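Listed here are the chains, written in short residue letters.
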Amino acid sequence: MPPKSNPKKDPPKYQQIADHLRKGILDGTYPAGQPLPSEEILAGQFGVTRPTVRQGIAELRAAGLIEAMMGRGTFVRSPHSRPGLTRPRGVRQDSEGRYIEADGLRWTGTEPSVATRTDAPLALADLLRIPPGEPMFTYDALETAENGRLRQLHRTYVPFSVLVGTKYEEEAPPPAPHLYAAMAELGHTLHFTEYVRTRMPLPDQTQALRLPGGVPVLHVLRVSLNQQDMPVALEELHLPGDGVELSYGI
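Residues numbered from 1 in each chain as written. Predicted model: local features only at pLDDT ≥ 70, side-chain atom pairs only at ≥ 80, totals over all residues. Heavy atoms only, no water.

## Observations regarding the pattern of salt bridges
1) Next: Tallied over the entire structure, the rule returns 11 salt bridges.
2) Next: A salt bridge links arginine 222 to glutamate 101, with the nearest nitrogen and oxygen atoms 3.0 Å apart. On the criterion of sequence distance, the pair formed by arginine 222 in strand 11 (residues 217-225) and glutamate 101 in strand 5 (residues 99-101) is long-range, its members being 121 residues apart.
3) Next: Note on arginine 222: relative accessible area 0%, which makes it buried.
4) Next: Its relative accessible area of 17% is what places glutamate 101 among the buried residues.
5) Next: One salt bridge in this structure joins arginine 117 and aspartate 119, with 2.8 Å as the shortest N-O distance.
6) Next: The exposure class of arginine 117 is exposed, given its relative accessible area of 53%. (Salt bridge = Lys/Arg side-chain N within 4 Å of Asp/Glu carboxyl O. Helix = DSSP H or I, 4+ residues; strand = E, 2+ residues; numbered from the N terminus. Buried < 20%, exposed > 50% of the residue type's maximum accessible area, 1.4 Å probe, protein only.)

Dropping the structure here:
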């Protein structure tokens, strides 16, 4: 006699609430920037307690679809809406030969950058075409722009091997963007390649960039290459992924 099949169980109530709200966000029932129904309304609609409603809402927050604002409520983030800021990417030279960011923003470090010695991990060594473990000068900076409205984490790496036989063999070169002029003085004509991906931030990055829950970071690796297409430096940037998009000329 064949075993009896179990009837399909309904998902738990918190999951039903999350699915209902997710569908409404994606189809535009709940537009971006608008508040979700209150916990009290959702509890009555689904016949559950408010802690159950909060559990469903927590799923949407983890997915980056909503944002809780202290004292104001929970607001929708639409995956289809354009962000509030578009940043042209890249580095160009101005009429005086200075290297400047394509977006024209003036970034200021929250505190002076200090060079530390690190060893190249495998992934970065591959981009820099150096052996894993080669020593590098490394700078870390938390930078702000637009009166602190924009924030990014900026790390600069310069392999020791690039500096052999130069005045920077005994002293650290400056971090980017001043590094570009220093490399030009050493005879390098620079061009750049960027690699961009998204990932969820580490706890310290969430705090430094003031990210709400569920928001990824844009992770940008910029390689500086000379006229022989040899890498001479690498920059690593982390930017908030919720309110900015990057544009590239091709």
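Once the structure has been displayed, the description carries forward.
## A look at the pairing of strand 8 (residues 135-145)
1) Next: In terms of burial, strand 8 is largely enclosed, as 10 of its 11 residues are buried.
2) Next: Sheet topology note: the strand 7 (residues 116-119)/strand 8 ladder contains 4 bridges and is antiparallel. When the bridges of strand 8 are listed, threonine 116 appears paired with threonine 138.
3) Next: Judged from the 10 bridges that link them, strand 8 and strand 9 (residues 150-159) form a sheet pairing that is antiparallel. Looking at strand 9, one finds that methionine 136 is bridged to proline 159.
4) Next: Once strand 8 ends, the chain turns through 4 residues before running back antiparallel as strand 9, passing glutamate 146 with a positive phi of about 55°. (Pairing = 2+ DSSP bridges.)

## Describing the side chain of arginine 89
1) Next: Of note, arginine 89 is situated in the loop between strand 3 (85-88) and strand 4 (91-93).
2) Next: For arginine 89, a relative accessible area of 7% gives the class buried.
3) Next: One polar contact links arginine 89 to glutamate 194, side chain to side chain, over a distance of 2.9 Å.
4) Next: Here arginine 89 is in contact with Ala102, Glu194, Val220, Arg222, Leu237, Leu246, Ser247 and Tyr248, once residues within four sequence places are set aside. (Polar contact = N/O pair within 3.5 Å; in protein donor to acceptor, adjacent residues only side chain to side chain. Contact = heavy atoms within 4.5 Å.)

## Looking at the side chain of glutamine 205
1) Next: Within the fold, glutamine 205 resides in helix 7 (residues 203-209).
2) Next: The exposure class assigned to glutamine 205 is buried, which follows from its relative accessible area of 8%.
3) Next: Leaving out residues up to four positions away in the same chain, glutamine 205 has contacts with Leu153, Arg199, Leu211 and His238.

## Here's the deal with the packing of helix 1 (residues 13-27) against helix 3 (residues 50-62)
1) Next: The contact between helix 1 and helix 3 brings their axes to 8 Å, and the two run at 45°. The angle between helix 1 and helix 3 places the two elements in the oblique class. When you trace helix 1 past helix 3, the crossing you get is right-handed. Together, Lys13, Tyr14, Gln15, Ile17, Ala18, Leu21, Arg22 and Ile25 of helix 1 and Thr52, Val53, Gln55, Gly56, Ile57, Glu59 and Leu60 of helix 3 make up the contact between the two elements.
2) Next: Tallied by class, residues from the contact of helix 1 with helix 3 come to 8 nonpolar, 4 polar and 3 charged. (Axes fitted to C-alpha atoms, helices over the stretch in contact; angles between N-to-C directions. Parallel < 35°, antiparallel > 145°, perpendicular 65-115°, else oblique. Left-handed = near helix turned anticlockwise from the far one by under 90°. Nonpolar A, V, L, I, M, F, W, Y, C, P; charged D, E, K, R; others polar.)

## Digging into the environment of glycine 104
1) Next: With respect to the helices and strands, glycine 104 occurs in the loop between strand 5 and strand 6 (108-109).
2) Next: Considering only alpha carbons, one finds glycine 104 and isoleucine 41, 63 residues apart in sequence, at a separation of 47 Å.

## A few points about the environment of histidine 238
1) Next: Residue placement: histidine 238 occurs in strand 12 (residues 231-240).
2) Next: Overall, the relative accessible area of 6% leaves histidine 238 in the buried class.
3) Next: C-alpha separation for the pair histidine 238 and glutamine 15, spaced 223 residues apart in sequence, amounts to 33 Å.
4) Next: Polar side-chain contacts of histidine 238 include one of 2.8 Å to the side chain of arginine 199.

Purely geometric stuff here, so don't read any function into it on its own.
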